[in-house]
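# Observations on the model geometry
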Amino acid sequence: MQFEQLQPEVQQWIREAVSNGHPPEAMVDALVHAGHPQTISHAVQQYLSVLQAEGQTVRPHSSSVVARISGTQHTSDRDVQILMALNAPRVVLFGNLLSHQECDELVAQCNSRLKPSSVVNAVNGSYDLHPSRTSSGASFRRGENALIKRIENRISELLSIPVSRGEPIQVLNYVPGAEYKPHFDYFDPKFSGNDKILKMGGQRFATLIMYLNDVEAGGSTVFPEIGLDILPRKGNALFFSYANDNGDLDALTLHGGSPVVAGDKWIATKWLRLGDYTGPQA
């Protein structure tokens, strides 16, 4: 992540923190706590390197960062709340990311496009149906229409990640009994079948799950390794990250979608890559 790609208010916050002498580690911790991905550390280091190249002194400071980014994150068209945040693994629950109208429009646009959901075969790289995932889904090309473009731009601003690094938005529907058993969203490089997937923009480093309806019963997002259970609420979104630029993967992000007990469940998923995504429907 580059410093110039950050939102103006985040750039200004970093400038002020550096001016006040706060150490880089504390700045990164504060930014990550506010919902930014771990890759923001590169933007902080880049800014410090520019200052040093210009001969400016970076004043040391022994205390932690006092200033905190607000619990409300501002984008150009919407204010998004931070409802909950964990540091290990990095998990952030956002409120009000989507309006109820946007949720309904996403569902309406994909109803005629739903197909059984597949999983990546780590042995040969194919996309296969698997009993561990029993939802139906539909994908939208990046910027396919005004609604998709607006949501993608909002996500980009919120997370300070270029739109080009996002995989296409995928809308998923779970009927009663449907589930997605615990799994990882990253592609383990130990399996040769993931090679061609990783060439489409590098490793996935984070996931954003947007909840498009209130589920009558069941359908929560579960993290069995850390005992976390997130209930779906219309308009909310769940962010979690699991990889860094060095290729380190966080197995604590094992997660799944618990079976829907009553009603149905609609979500939209955005997976993020370390590089520009060049795969299907980019």
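Whatever comes next refers back to the structure up there.
This write-up is about the structure you can find in this document. Within any chain, residue numbers begin from 1 and follow the written order of that chain's sequence. Where totals are concerned, whole chains, interfaces and linings use all residues; where local detail is concerned, this predicted model gives features only for residues with pLDDT of at least 70, and gives and counts side-chain atom pairs only at 80 or more. To obtain the side-chain values, all non-hydrogen atoms of the structure were included, while hydrogens and water were left out.

### Considering empty space enclosed by the protein
Only protein atoms enter the 1 Å grid used here, on which a cavity is any set of points holding a 1.4 Å probe that cannot leave and a pocket is any open set flanked by protein within 12 Å on both sides along at least five of seven lines; residues with an atom within 4 Å of a point are listed as lining. Grid points are joined across faces, edges and corners, and a volume is the space filled by probe spheres set on the points. Taken as a whole, this structure holds two cavities of 30 Å³ or more when the rule is applied. Reported here for the largest cavity is a volume of approximately 140 Å³. Taken together, the elements giving at least two residues each to the lining of the largest cavity come down to strand E8 (170-174), strand E9 (180-183), strand E10 (204-211), strand E15 (255-257) and strand E17 (265-273). Counting residues per element, the lining of the largest cavity draws most heavily on E17, at four residues. Any residue outside Ala, Val, Leu, Ile, Met, Phe, Trp, Tyr, Cys, Pro, Asp, Glu, Lys and Arg is labelled polar, Gly included; the first ten of those are nonpolar and the last four are charged. Of the residues in the lining of the largest cavity, the class split is six nonpolar, seven polar and three charged. Approximately 60 Å³ is the volume attributed to the second largest cavity. Lining the second largest cavity are Glu152, Ile155, Ser156, Ile161, Pro162, Val163, Gly166, Lys270 and Leu272. Think of it this way: any DSSP run of H or I at least four residues long counts as a helix, any run of E at least two long counts as a strand, and we number them from the N terminus. The set of elements that each furnish at least two residues to the lining of the second largest cavity consists of helix H5 (146-159) and E17. Here the element with the most residues in the lining of the second largest cavity is H5; it accounts for three residues. Taken together, the residues that form the lining of the second largest cavity break down as five nonpolar, two polar and two charged.

### Re the sheet that holds strand E13 (residues 228-230)
By definition, two strands form a pair when at least two bridges between them are found by DSSP. Ordered in space as E9-E15-E12-E13, the four strands form an open sheet in which the pairing is antiparallel. Across the chains shown, the open sheet's two edge strands, defined by having one partner strand only, are E9 and E13. Across the sheet, the axes of successive neighbouring strands diverge by a mean angle of 15°, strand direction being ignored. To get an axis, a line is fitted to the C-alpha atoms, and for a helix only the part in contact is used. The angle between two axes follows their N-to-C directions and goes from 0 to 180 degrees.

### What to know about the pattern of salt bridges
A pairing counts as a salt bridge when a side-chain nitrogen of Lys or Arg comes within 4 Å of a carboxyl oxygen of Asp or Glu. The full count for this structure, using the stated rule, is 11 salt bridges. In this structure, Arg150 engages Glu102 in a salt bridge whose closest nitrogen and oxygen atoms are separated by 2.9 Å. Taken together, the positions of Arg150 in helix H5 and Glu102 in helix H4 (residues 100-110) put the pair 48 residues apart, joining distant regions of the chain. A simple rule labels every residue: compare its accessible area, found with a 1.4 Å probe on the protein chains alone, to the largest value its type can have, and call it buried under 20%, exposed over 50%, or partly exposed in between. Arg150 gets classed as partly exposed once you look at its relative accessible area, which sits at 32%. Its salt-bridge partner being Asp104, residue Lys234 comes within 2.8 Å of it at the nearest N-O pair. With a gap of 130 residues between them, Lys234 in the loop between E13 and strand E14 (237-241) and Asp104 in helix H4 connect regions that are remote in the sequence. The network of salt bridges with shared partners includes Asp77, Glu102, Arg150 and Arg154.

### Comments concerning H4
Turning to H4, its buried residues are Glu102, Cys103, Leu106, Val107 and Cys110. Projection of H4 onto a plane perpendicular to its axis shows the buried side chains occupying an angular sector of 135°, all on one side. Of the exposed residues in H4, those oriented more than 90 degrees away from the buried face are Gln101 and Ala108. By the convention used here, residues are in contact when the closest approach between their heavy atoms is within 4.5 Å. Where H4 is buried, its residues contact strand E7 (136-139), H5, E8, E10 and E17. Along the arc lie the directions from the helix axis toward the C-beta atoms.

### Overview of the nonpolar core
Buried Ala, Val, Leu, Ile, Met, Phe, Trp, Tyr and Cys residues that are joined via side-chain atoms within 4.5 Å together make up what is termed a nonpolar core. In this structure, Ile14, Phe94, Leu106, Val171, Met210, Leu212 and Leu238 are the most contacted members of the largest nonpolar core, which totals 69 residues. Here this core gathers at least three residues from each of two domains, domain 1 (3-56) and domain 2 (72-273). Core analysis: the second largest hydrophobic core is formed by five residues, Phe187, Ile197, Met200 and Tyr277 among them. The domain limits used here are those given by an automatic or database domain assignment.

### Considering the packing of helix H1 (residues 8-19) against helix H3 (residues 40-53)
For the pair H1 and H3, interaxial distance at closest approach is 11 Å and the crossing angle is 55°. Taken together, the axes of H1 and H3 lie oblique to each other. In the packing of H1 onto H3, the handedness of the crossing is right-handed. Of H3, the residues touching H1 (which contributes Val10, Ile14, Arg15 and Val18) are Ile40, Val44, Tyr47, Leu48 and Leu51. Angles below 35 degrees are treated as roughly parallel, those above 145 as roughly antiparallel, those between 65 and 115 as roughly perpendicular, and all remaining angles as oblique. Definitions for this section: a left-handed crossing has its near helix turned counterclockwise from the far helix by less than a right angle. A right-handed crossing has that turn clockwise.

### What about the layout of surface pockets?
Considered as a void within the structure, the second largest pocket measures approximately 220 Å³ in volume. Forming the walls of the second largest pocket are 14 residues, and the residues nearest its centre are Gln38, Thr39, Ala243, Asn244 and Asp245. In the lining of the second largest pocket, the residues fall into three nonpolar, eight polar and three charged.

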